[in-house]
Amino acid sequence: MSRKQRRLTLIGGSLAVLAVAVALMLNAFRDSIVFFNSPSDVVEKHVEPGTRIRLGGLVKDGSLVRGNNLNFHFEVTDGKTEIPVAYTGVLPDLFREGQGVVAEGALDGGGVFNADTILAKHDETYMPKEVADALKKSGHWKDDYAQRAAMPIGGGSK
Amino acid sequence: MIPELGHFALMLALGLALIQGIMPIVGTRTNDPVLMSIAAPAALAQFAFIATAFAALGVSYVTSDFSVLNVYENSNTQMPLIYRLTSIWGNHEGSMMLWVSILTFFGALVAAFGTNLPVVLKANALAVQAWVAAAFELFILMTSNPFVRIPDAPFEGQDLNPILQDPGLAFHPPMLYLGYVGFSIAFSFAIAALIEGRIDAAWARWVRPWVLVAWMCLTLGIAGGSYWAYYELGWGGFWFWDPVENASLMPWLAGTALLHSAVVMEKRGALKVWTILLAILTFSLSLIGTFLVRSGVLTSVHAFAVDPRRGIFILGILIIFIGGALALYAWRAPLLKQGGLFAPISREGALVFNNLFLTTACATVFVGTLYPLALEALTGAKISVGPPFFDLTFGPLFIPLMAVMPFGPLMGWKRGDLLGAAQRLLAAAMLAALATAAAFALEHGGPVLAPFGVGVAVFVMAGAVTDIAERTLILRVPFRAAFRRALGLPRSAWGTAFAHFGIGVTLMGIVGVTAWGSERIAEIKPGASLDIAHYRVTFDGTFNRAGSNYRDVVGRFTIHRLNGELIGNMQPSRRAFPDRNMATTEAALMSRGVNQLYISIGDPNKDGSVPVRLYFKPYVLMIWLGAGIMFLGGALSLSDRRLRVGAPRPAKARVRAVPQPAE
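Since this is a predicted model, take the numbers as computed values, not measurements. (Residues numbered from 1 in each chain as written. Chains lettered and ligands numbered in written order. Predicted model: local features only at pLDDT ≥ 70, side-chain atom pairs only at ≥ 80, totals over all residues.)

## Quick notes on the overall build of chain A
(1) Moving on: Assigned secondary structure in chain A consists of 4 helices and 7 strands.
(2) Moving on: Across chain A, helices and strands are ordered from the amino to the carboxyl terminus as α-β-α-β-β-β-β-β-β-α-α.
(3) Moving on: Evaluated residue by residue, chain A yields a buried proportion of 35% over its 158 residues.
(4) Moving on: A separation threshold of at least 6 residues defines the contact pool for chain A, and within that pool the share at least 24 residues apart is 53%. (Helix = DSSP H or I, 4+ residues; strand = E, 2+ residues; numbered from the N terminus. Buried ≥ 20, exposed ≤ 12 C-beta atoms within 10 Å, placed from the backbone. Contact = placed C-beta atoms within 7 Å.)

Next comes the structure, spelled out in C-alpha cells:
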C-alpha cells in the first residue's frame, strides 16, 4: 500500500469508530437522560406517570411516615406544591425533615412518586444546587439556606 | 509568624515562576546560553519556596493554630494527628497548595535530573512549566489564600468533614494529584517542541518516564478513590460515573493512549504529531478535571467552595492554557515532519487501534460529563446523565479494545502476522472459551453477556501470560534456558505483560461483582438472621463505643456458612460527630478470597431493630488488585534500562553537534 492508501485506511477506520461512538451516544441519550423537576414543574409540565425524573425540593416538616420493612413515605415541597413520595430502603445519613432532598424514580398512576434512589448528601449544610435554584424560583428561598449553601464543607472563606 | 512566612514564600515563588517563565524563552530566541541556564536553578528555587509555604501551612495544622482561618475551619484539636495532617488538603485552599507543590516538585525533578536533555528543549519546557505554576500560584494568592488570619483566634476549630476523616484521604488526593500534575511535564515538553518547531524520536524517550510515573500514580489514585467510595459511602458501589470520577478517568484514558503512542514514536518515529496532541489533551483534561471538581459547577464531596470568582479564575486558566496550546499546535504542528510508514496489521497498527478506541471512549465520557452542564447553560434544563449512558457507550467501546489487546504485543513492528499471532493466542482463546462456559454453568442469574465478559477478561490475562511465554519460549526449550531468557527480557516487556494482566484482573472484578453480586436490605431484630450467597448473617445486637471525636453505635453480626460453620463476626457502625451534628456509615467488610461480605447499618429503631444493607460482592477485590498490578507493571517498565539511562550518550552527542531536522 502506498502512503496515501495507508493514510486513507487510517482515516476511514477512525471515522468509522467515531461514527459508531456517536451512534452509541445518541442512542444512550435517548434512553438514559433524567430531567430534574421541582414539585411545581411536575404539575405544570404534566410529567407522565412512568417517566423517570429527579424530583428535588424540601422534605416537608412532619410528613415523614415510617412504615414496616423500611417503607418510607414523605412529601417533597417547593413551598407551592407537594408531591407524596414512597421509598423502600435505607435513607441516607443526612436525610432530615425540612432539608433538601433529591429523589430519583417515577410517578405512578395515583400521583405518588416511587423513588428508587434518594441522593445522599455529603454534608449537613449542603443544599443540592438544583433544589436551591428551584426554591429560588418558587420564591421560598430563605437566607439561611443561602448561608448554608455558601458554606459547604470547609466553607468558602470569602 | 509562620503563616506569614508561608504567605511570603508563596509570593516569592510566584516571582521566581515569572522569571523562570520569561528568561529562558528569551534565551532560546536570542541564543543566549546564560538566560537559558536560568531555568533549572529557578525551578529548584521555586520548589524550595513552595515547599516552605506548604510546610508553613502544615505546621499551622499540626500545632492547631486557629488564628489561621483555614485551620480553624477544617481542623480540631480532638482530631488524631494523621487527620490534622490530611486536613491540609481536605479543603479547597490546602488542596490547591498541594496541587502547586506537586507541580513545582515535578519541575524541580526535570531541572535536577534532566541533565541529558538538549539545552533548548529543557529551557523551553521548564519555562512552560513555570507558566502553569505561575497561573496557579496567582490563583491561590488572589482567590484561595490559605494563610488568611482571623483577628480573634478561637479556642477550638471546626471539624474536618467527617466523611473525609478516613485513612483513604491520606492517600487518594496526593496520588491523584501526582497523576494529574505529572502530565504537566508531557504538556510542557509538547509545547516546548512546538515552540522550537522540531521533534525527534528521542523526545518520546525523554517524556515517556514522566508520563509513566503520572499514569501509575493516577491509576492508584483512581483505584484508591474508588475503594474509599466503596467502603465509606455505605452502599457498596465502586464506581458511580459521577462527574468528579469521570474527571479523573478522562486524563487516565488519554494518558494511557499517550503512553502507547509515545512507544510508537520512540521506536519507529511515527505518530509524532498525534503524540504531541495527546500530550496537550491529557493535561488539558487534567485541568478540566481540576476545574470541574474545584469550581463548584458540580456539587459533590469534592466541591469545597462555591465562590464564583474561583470558578471564573480557573475557567480563565483553562481557556488560556488549553486554547493557547491548541492554537500553537494548529500553527506549528504542520512544521513537524511525518514519521515512518507501517502496515495496518503491525505493532504500530495495533497501537493506533488502541489510541483510537481509548480516545473515543474518553470522548464519550467527556460528552456524558459535560453535556448536562452545557445544556443547563444554554437552555436552563437540568438533566442528569447517569450510569446507563456510560454503560451503553463506554462499555461497547472498551470491550473490543480489551479483546484485541492481547494481539498487540505479539505482532511485529512494521508488518505484523495476524494469523501467527492468532495461532499463538489459541491456548489463551481456548482458556477464555472454557471460562465463559464455566461461568454459564456455575453462576446463575445476572446478564447473559456477563459470561462473555469473563471470557474477555480471561483472554486478556491469558494473553499477557502468552506474551511472556512466547518471549521466553517456556515449555519449548529446557526450563533453565527459558529462565535465562526470562531474566534477559527487557523490563519493559515485563511491564507491558503485568499492566495488561492487571487490566484483565480489574475487568474480571468489574464483570463479576456487577453481574453476580447480591444484596439484601431489611430491618432486622437482635437474634434474627439473613441469608446471602453461601452465608448466614445473624444480628447479635448493638453496643456503644466512643472515639476521639465521635461516638459509634456498633452492630454486632455473626457470620456462619450455610452449613453451620462459624466464620467470624463483623461490626459495622453508625458514627456520630457531635461537633458537626453529622453521622457517617462505617461499613464492615469481610474478605473471603477475592469476594467480600459487606454490611452497613442505619440508625437503630426504638425496638432495637436496625436497618441493614447486606451485600455479597463476588470478585470485588480483583478490581483494586488489578490496579495494583497495573501500577507494578508501570514500575517495572519505568525501571527499564532504556528509560533509566535515558538517551544513549552517542545519540545525545550527535543531536547536539548536528541539529537534525525532525526525522
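## Brief notes about the packing of helix 7 (residues 119–143) of chain B against helix 12 (residues 308–332) of chain B
All names here are of chain B.
(1) Moving on: Packing of helix 7 against helix 12 leaves a shortest axis separation of 11 Å and a crossing angle of 170°. What the angle tells us is that helix 7 and helix 12 run roughly antiparallel. When you trace helix 7 past helix 12, the crossing you get is right-handed. Of the residues in helix 12, those in contact with Val132, Ala135, Phe139, Met142 and Thr143 of helix 7 are Arg309, Arg310, Phe313, Ile314, Ile317 and Phe321. (Axes fitted to C-alpha atoms, helices over the stretch in contact; angles between N-to-C directions. Parallel < 35°, antiparallel > 145°, perpendicular 65-115°, else oblique. Left-handed = near helix turned anticlockwise from the far one by under 90°.)

## What about the sheet that holds strand 2 (residues 518–524) of chain B?
Residues and elements named next belong to chain B.
(1) Moving on: If you walk across this open sheet you meet the 4 strands as 2-11-10-9, and the pairing is antiparallel. Strand pairing shows two members of the sheet lacking a second neighbour, strand 2 and strand 9 (588–592), which therefore form its edges. With strand direction ignored, the average angle separating the axes of adjacent strands in the sheet is 15°.
(2) Moving on: As paired elements, strand 9 and strand 10 (residues 595–601) share 5 bridges and run antiparallel to each other. In the strand pairing of strand 10, serine 591 is matched with glutamine 596. (Pairing = 2+ DSSP bridges.)

## Some words on the confidence of the model for chain A
All names here are of chain A.
(1) Moving on: Here chain A shows a mean pLDDT of 77. Residues at 70 or above account for 75%.
(2) Moving on: Of all helices and strands in chain A, the one with the weakest mean pLDDT is helix 4 (residues 143–150) (41), whereas strand 5 (residues 82–88) scores best (92).
(3) Moving on: With pLDDT under 50 throughout, residues 143–158 is counted as low confidence; its partners more than four residues away or in other chains account for 34 contacts. (pLDDT = per-residue confidence, 0-100.)

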